[in-house]
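Understanding the architecture of this molecule
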Amino acid sequence: MTPDLNPDSDIDQFPGFLIRRVHQIAVARFSAQTEGHQITPVQWAALRRVQAQPGIDQSALARGIALDTSTIAGVVERLELRGLLLRKPSPTDRRLRTLYLTPEGLALTAKVTDITIEVQNWLLEPLSELEQAQLKSCLRKVIDRHLEDPSASEA
């Protein structure tokens, strides 16, 4: 059932507004906690995905962290320039470059992953374990439903 939102509803009744505010709070806390590491949430997500899937190509990485290919190109370039990521030619397709963490990238990913877990726990701390599970389940359901919809934008 769709909530009955009308144009006169206060903005804080709109789910999109609430989701954006939670995201802003999460990013602000992440940035404060990782200040000395000079890393963004998107860069951490890219490193984490490459850690989980060494040899992933840039297009698969973009899909895996829900970014477009032009955005991921800049992310990968910055991580490579910092010595956190290596790009190597694919052994099976010369058009592709595969991605690997450097030892420095692996160390930073481990540090920032610990911080990210703390941030996520802090963010959801006001909720009970059941409410946390329900929130994640509901958000996953919304995401999955709209990704099935061909008219949904690829975000």
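Scroll up to find the structure this text is about.
For every chain, the first residue of its written sequence is number 1, and the numbers climb from 1 along that sequence. Totals for whole chains, interfaces and linings use every residue, but because this is a predicted model, local features are given only for residues with pLDDT of at least 70 and side-chain atom pairs only at 80 or more, for both listing and counting. With hydrogens and water excluded, all non-hydrogen atoms of the structure serve as input to the side-chain values.

Here we take up a nonpolar patch on the surface. Taken together, Ile19, Leu127, Leu135, Leu139, Ile143 and Leu147 make up a surface patch of nonpolar side chains, about 480 Å² in accessible area. Under the scheme used here, helices are H or I runs from DSSP no shorter than 4 residues and strands are E runs no shorter than 2 residues, and both carry numbers assigned from the N terminus. Among the elements that line the nonpolar patch, the one with the most residues is helix H6 (residues 129-148), at four residues. Its place among the elements puts Ile19 in helix H1 (residues 15-33). On the accessibility criterion, Ile19 (48% relative accessible area) is partly exposed. Each patch is built from salt-bridge-free residues with over 30% relative accessible area, joining like charges within 9 Å and nonpolar side chains (Val, Leu, Ile, Met, Phe, Trp, Tyr) within 5 Å. What sets the accessible areas is the Shrake-Rupley method with a 1.4 Å probe; for residues, cover comes only from the shown protein chains. Any Lys or Arg side-chain nitrogen located within 4 Å of an Asp or Glu carboxyl oxygen qualifies as a salt bridge. Burial here depends on accessible area, computed with a 1.4 Å probe over protein chains only, as a share of the maximum for the residue type. Under 20% is buried, over 50% is exposed, and the range in between is partly exposed.

Axis lines are fitted to C-alpha atoms, over the contacting stretch for helices. Their N-to-C directions set the angle, which ranges from 0 to 180 degrees. The geometry of helix H2 (residues 41-52) relative to helix H5 (residues 103-124) is characterised by a closest axis approach of 10 Å and an angle of 115° between their N-to-C directions. Of the two possible hands of crossing, H2 and H5 adopt the one that is left-handed. The residues of H5 that touch H2, namely those facing Trp44, Leu47, Arg48 and Gln51, are Leu106, Leu108, Thr109, Val112, Thr113 and Thr116. Following the grouping adopted for this structure description, the nonpolar residues are Ala, Val, Leu, Ile, Met, Phe, Trp, Tyr, Cys and Pro, the charged ones are Asp, Glu, Lys and Arg, and the polar ones are all others, Gly among them. By residue class, the composition of the contact of H2 with H5 is five nonpolar, four polar and one charged. Crossings are assigned a handedness: left-handed for a near helix turned anticlockwise from the far helix by less than a right angle, right-handed for a clockwise turn. Note on contacts: a residue pair qualifies if any of its non-hydrogen atoms lie within 4.5 Å across the two residues.

Further remarks concern the nonpolar core. Grouped together as the largest cluster of nonpolar side chains are 21 residues, with contacts concentrated most on Leu47, Leu61 and Leu85. Those elements that place two or more of their residues in this core are H2, helix H3 (58-64), helix H4 (69-81), strand E3 (97-101) and H5. Those residues in contact with Leu61 that sit more than four places away from it in its chain are Ala46, Arg49, Val50, Ile56, Ile72, Val76 and Leu99. Throughout, nonpolar core names a set of buried Ala, Val, Leu, Ile, Met, Phe, Trp, Tyr and Cys residues whose side chains join them through atoms within 4.5 Å.

Our next topic: the packing of aromatic side chains. Only the six-membered ring of Trp is used, alongside the rings of Phe and Tyr, when aromatic pairs are assigned; centres must lie within 6.5 Å, and planes under 30 degrees apart are stacked while those over 60 apart are edge-to-face, with the rest tilted. Within this structure, the stated rule accounts for zero aromatic pairs. For a lysine, the NZ atom is tested; for an arginine, the CZ atom; a charge sits over a ring if that atom is within 6 Å of the ring centre and within 35 degrees of the ring normal. We note Arg29 situated over the ring of Trp122; from NZ or CZ to the ring centre the distance is 4.2 Å. The aromatic ring of Tyr100 is capped on one face by Lys88, whose charged end is 4.9 Å from the ring centroid.

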